[in-house]
Amino acid sequence: MCDDGLIVLRTVQNLLDGNGPVFNAGERVEANTSTLWTYVLALGGLQPWLRLEWVAVVLGLLSALGGLFFGLDGARRLFPDRRIVPAGALVVLALPPFWDYATSGLETGLVTLWLSLVWWQLVRHATGGPVRIWPTLLLLGCGPLVRPEFALVSAITFAALVLVVRPGWRRVLGWLALTGLIPVAYQVFRMGYYGLITPNTALAKEATQARWDRGWLYLVELFAAYWLLVPVALLLVVAVLVLRDRDRTRLVVVLTPVVAGIVLGLYVTRVGGDYMHARMLLPVLTCLLLPVMVAPLTRWTTPLVLAVVAWTVTSAVGLRPVSAEQHKIGAYGISDARVFWVDSTGKEHPVTADDAALIPGYLPELAAARARVPGPVVVVSLFGTWVVYPATRTVISSPGALGFPGLLLPRTETVVDDLGLASPLAAHSLPIASRPAGHQKELSVAWMIADAGAGSPEELAAAGSAGNGVVSAEAIGAARKSLARPEIREMLDSVRAPLTFGRFWDNLVHSFGRSRLRFAPNPIDAQSGR
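Residues numbered from 1 in each chain as written. Predicted model: local features only at pLDDT ≥ 70, side-chain atom pairs only at ≥ 80, totals over all residues. Heavy atoms only, no water.

What about the overall build of the protein?
So, step 1. When helices and strands are counted, the protein shows 28 helices and six strands.
So, step 2. Dimensions of the protein, computed from the C-alpha atoms along their principal axes, are close to 80 × 55 × 45 Å.
So, step 3. Residue burial in the protein is summarised as follows: out of 530 residues, 55% are buried.
So, step 4. By sequence separation, contacts in the protein at least 24 residues apart represent 72% of the contacts at least 6 residues apart.
So, step 5. Split by element, the accessible area of the protein, about 21600 Å² in all, is 65% carbon and sulfur.
So, step 6. Mean positive and mean negative side-chain charge positions of the protein (44 and 37 charges, respectively) differ by 10 Å. (Helix = DSSP H or I, 4+ residues; strand = E, 2+ residues; numbered from the N terminus. Buried < 20%, exposed > 50% of the residue type's maximum accessible area, 1.4 Å probe, protein only. Contact = heavy atoms within 4.5 Å. Areas by Shrake-Rupley, 256 points an atom, 1.4 Å probe, with all protein chains shown as cover. Lys, Arg positive; Asp, Glu negative; His and termini not counted. Charge placed at Lys NZ, Arg CZ, Asp CG, Glu CD.)

Right, dumping it as structure tokens:
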């Protein structure tokens, strides 16, 4: 597991507890990017004998293995009665990030399974006997629920399916209706329930912003770490040799995941990649490798496949990113998620939130600081010190890590972050250009103090002086004025006001404009309307 995987589980636990699919009870924020993964874990969590962390690990691993199976079987169907070897599958298996993220608690295993299932179904329509169309269409409709950007993959595969099956235009319209049934229904729910057109994480990470330079560096970092140009070039030659004589239908099938992978790769590069090494590019590699998951052995392909095997051994045994070798956050803010979490927890195989309970600077120090102030409090971290303020409700602003504090602190308390994953205020703040992809937001803690603190700005500043005394009355007062701005007040009402039919409808019709709301992270700037 990693901390980001633990973030998912607090939402799952709230869903199981009857608080809804939210990170904090009483605040309708969609803190998980993968809707389908959230509900899959919730189903797994209905059993009473296995902790949610282990549910996520087991289901993630099984999904990844299932994805490999369907990917291999799909490619096998292209080469009936041929002697084959799992050439492309070796590349996937040799990449440590594939296994790290499959058991991280994140949706990576589900991503592999969905991409491979979509490919498998398309191959079956092109090569097998009669195959029912409705399961394929429903599967395509699940794409945006696996990850929002997978709507691109669904659209490309839908077009390929039309070319393969060649239905009449009336049937195509019916197909579109069935494919859109689940994602459109959920999108209406999202807009009415959460008040946004995307998950809150898309706002926090500014998923529509172009950062080509960062994205290119993210791509180069992955390919350089594992010498990926070597197996990609070898398998490209294999693909040309074994697929050049395919008929038009099979050529469409082969090119579909490749085109989807290229488009998905362009999207990932455009948004700047991520701060987690390789994570956002693994689906791209999966798509590109699907047509050559297996390859026939011929006198021309055998040497190429043997070269891929040699690379596989080299990668599995000795190739690692610089951030993993040096045990630190690497260039451009990119880090090896597993190594970072192992180093942070001091555990060789951290799985549960309890494994992170003693990370320095978090829960033990937080408990000691809270013990000095009775009643509801706002607690923020200032330069490594927890500072406590009297409040109308308890709010914990956790710096950097959100997952393990969210799981270990009571779910009756609000736990937010300054990066915006679970905080509607931070998510709607303007990004900071110099920060790495995925961590572009950093909201002043004055907003949290002003939002839930009890007392005047001067009283709150004085209460905080027992700590570091660095949040001024001016900043708290400016945050209070900013919170009174009509558009910010309306945004907070969209997630905090009781969910009546009127509230749902208002959320729905104003979700587009609300999703565009941004304000300065510094409250002194924000109070003037910036």
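Next, the rest of the story.
What about helix 15 (residues 282-289)?
So, step 1. Burial analysis of helix 15 places seven of its eight residues in the buried class, which makes it a mostly covered element.
So, step 2. Those residues of helix 15 that fall on the buried side of the exposure criterion are Leu-282, Pro-283, Val-284, Leu-285, Thr-286, Cys-287 and Leu-289.
So, step 3. Contact partners of the buried residues in helix 15: helix 4 (87-93), helix 5 (96-102), helix 6 (108-127), helix 12 (212-226), helix 13 (229-243) and helix 14 (248-270).

So, the nonpolar core
So, step 1. Residues Trp-114 and Phe-404 are the most contacted members of the largest nonpolar core, which totals 119 residues.
So, step 2. It is helix 6 that contributes the most residues to this core, 12 residues altogether.
So, step 3. Val-416, Leu-443, Ile-476 and Ala-520 belong to the second largest nonpolar core, which has 32 residues in total. (Core = buried A, V, L, I, M, F, W, Y, C linked by side-chain atoms within 4.5 Å.)

Side note on the sheet that holds strand 6 (residues 414-417)
So, step 1. Spatial strand order, 4-3-5-6: four strands in an open sheet with mixed pairing. For this open sheet the edge positions go to strand 4 (385-390) and strand 6, each flanked by a neighbour on one side alone. Mean inter-strand twist for the sheet, computed between neighbouring axes without regard to direction, equals 20°.
So, step 2. As paired strands, strand 5 (residues 395-398) and strand 6 are joined by four bridges and run parallel to one another. (Pairing = 2+ DSSP bridges. Axes fitted to C-alpha atoms, helices over the stretch in contact; angles between N-to-C directions.)

What about unusual backbone geometry?
So, step 1. Residues other than glycine seldom take positive phi values, yet Glu-206 does so here, at roughly 50°.
So, step 2. Inspection of the secondary structure puts Glu-206 in the loop between helix 11 (200-204) and helix 12.
So, step 3. Residue Phe-383 is not a glycine yet carries a positive backbone phi of 55°.
So, step 4. Since its relative accessible area comes to 73%, Phe-383 is described here as exposed.

Some remarks on a nonpolar patch on the surface
So, step 1. A contiguous nonpolar surface patch, about 850 Å² in accessible area, is contributed by Trp-49, Leu-50, Trp-54, Val-58, Leu-61, Leu-62, Leu-65, Leu-93 and Trp-99.
So, step 2. Sort the elements by how many residues they give to the nonpolar patch and helix 3 (residues 52-76) lands first, with five residues.
So, step 3. Following the sequence through the fold, Trp-49 ends up in the loop between helix 2 (35-44) and helix 3.
So, step 4. Taking relative accessible area as the criterion, Trp-49 reaches 69% and is therefore assigned exposed. (Patch = residues over 30% accessible without salt bridge, like charges linked within 9 Å, V, L, I, M, F, W, Y side chains within 5 Å. Salt bridge = Lys/Arg side-chain N within 4 Å of Asp/Glu carboxyl O.)

Points about the packing of helix 6 against helix 9 (residues 151-165)
So, step 1. Running from amino to carboxyl end, helix 6 crosses helix 9 at an angle of 10°, the nearest separation of the two axes being 10 Å. On the basis of the axis angle, helix 6 is roughly parallel to helix 9. Between helix 6 and helix 9, the contacting residues are Trp-114, Leu-115, Val-118, Leu-122, His-125 and Ala-126 on the first element and Val-153, Ser-154, Thr-157, Ala-160, Leu-161, Val-164 and Val-165 on the second.
So, step 2. Among the residues making up the contact of helix 6 with helix 9, the classes are represented as 10 nonpolar, three polar and no charged. (Parallel < 35°, antiparallel > 145°, perpendicular 65-115°, else oblique. Nonpolar A, V, L, I, M, F, W, Y, C, P; charged D, E, K, R; others polar.)

Overview of the pattern of salt bridges
So, step 1. Summed over all chains, the structure comprises 21 salt bridges.
So, step 2. Across the salt bridge formed by Arg-190 and Glu-30, the nearest N and O atoms sit 2.8 Å from each other. Of the two residues, Arg-190 sits in helix 10 (residues 169-193) while Glu-30 sits in the loop between helix 1 (3-17) and helix 2, which places them 160 residues apart along the sequence.
So, step 3. Looking at Arg-190, the relative accessible area reads 5%, which means it is buried.
So, step 4. Glu-30 sits in the buried class, given a relative accessible area of 5%.
So, step 5. Connected through salt bridges with shared partners, the residues Glu-27, Arg-393, Asp-451 and Arg-496 form a single ionic network.

Concerning the packing of aromatic side chains
So, step 1. In total, this model carries 12 aromatic pairs according to the counting rule given.
So, step 2. Ring geometry for Trp-114 and Phe-150: centres 5.6 Å apart, planes at 15°, overall stacked. Of this pair, Trp-114 sits in helix 6 while Phe-150 sits in the loop between helix 8 (143-146) and helix 9, placing them 36 residues apart in sequence.
So, step 3. For Trp-114, a relative accessible area of 3% gives the class buried. (Phe/Tyr/Trp six-rings, centres within 6.5 Å; stacked < 30°, edge-to-face > 60°.)

Notes on the packing of helix 6 against helix 7 (residues 133-141)
So, step 1. As a packed pair, helix 6 and helix 7 sit with axes 10 Å apart at the nearest point and diverge in direction by 150°. With respect to helix 7, the element helix 6 is oriented roughly antiparallel. Crossing handedness for the pair helix 6 and helix 7: left-handed. Seen from helix 6, the contacting residues are Trp-114, Leu-117, Val-118, Gln-121 and His-125; seen from helix 7, they are Ile-133, Pro-135, Thr-136, Leu-139 and Leu-140. (Left-handed = near helix turned anticlockwise from the far one by under 90°.)

What about the side chain of Asp-3?
So, step 1. Here Asp-3 is to be found in helix 1.
So, step 2. Although Asp-3 is buried, it makes no salt bridge; Lys-205 carries the closest opposite charge, 11 Å away.
So, step 3. Of note is the side chain of Asp-3, whose polar atom sits 2.9 Å from the backbone nitrogen of Gly-403.
So, step 4. Setting aside anything within four residues of it in sequence, one finds Asp-3 in contact with Trp-341, Ala-401, Leu-402, Gly-403, Phe-404 and Pro-405. (Polar contact = N/O pair within 3.5 Å; in protein donor to acceptor, adjacent residues only side chain to side chain.)

With respect to the environment of Leu-9
So, step 1. With respect to the secondary-structure elements, Leu-9 resides in helix 1.
So, step 2. Note on Leu-9: relative accessible area 0%, which makes it buried.
So, step 3. Among all residues touching Leu-9, those that are not within four sequence positions of it are Met-1, Leu-41, Leu-52, Glu-53, Ala-56 and Leu-407.

So, the side chain of Thr-136
So, step 1. Looking at where Thr-136 falls in the secondary structure, it is placed in helix 7.
So, step 2. The class of Thr-136 is buried, set by a relative accessible area of 4%.
So, step 3. Engagement of the side chain of Thr-136 in a polar contact is seen with the side chain of Gln-121, the distance being 2.7 Å.
So, step 4. When sequence neighbours within four positions are dropped, the list of residues in contact with Thr-136 reads Gln-121, His-125 and Leu-161.

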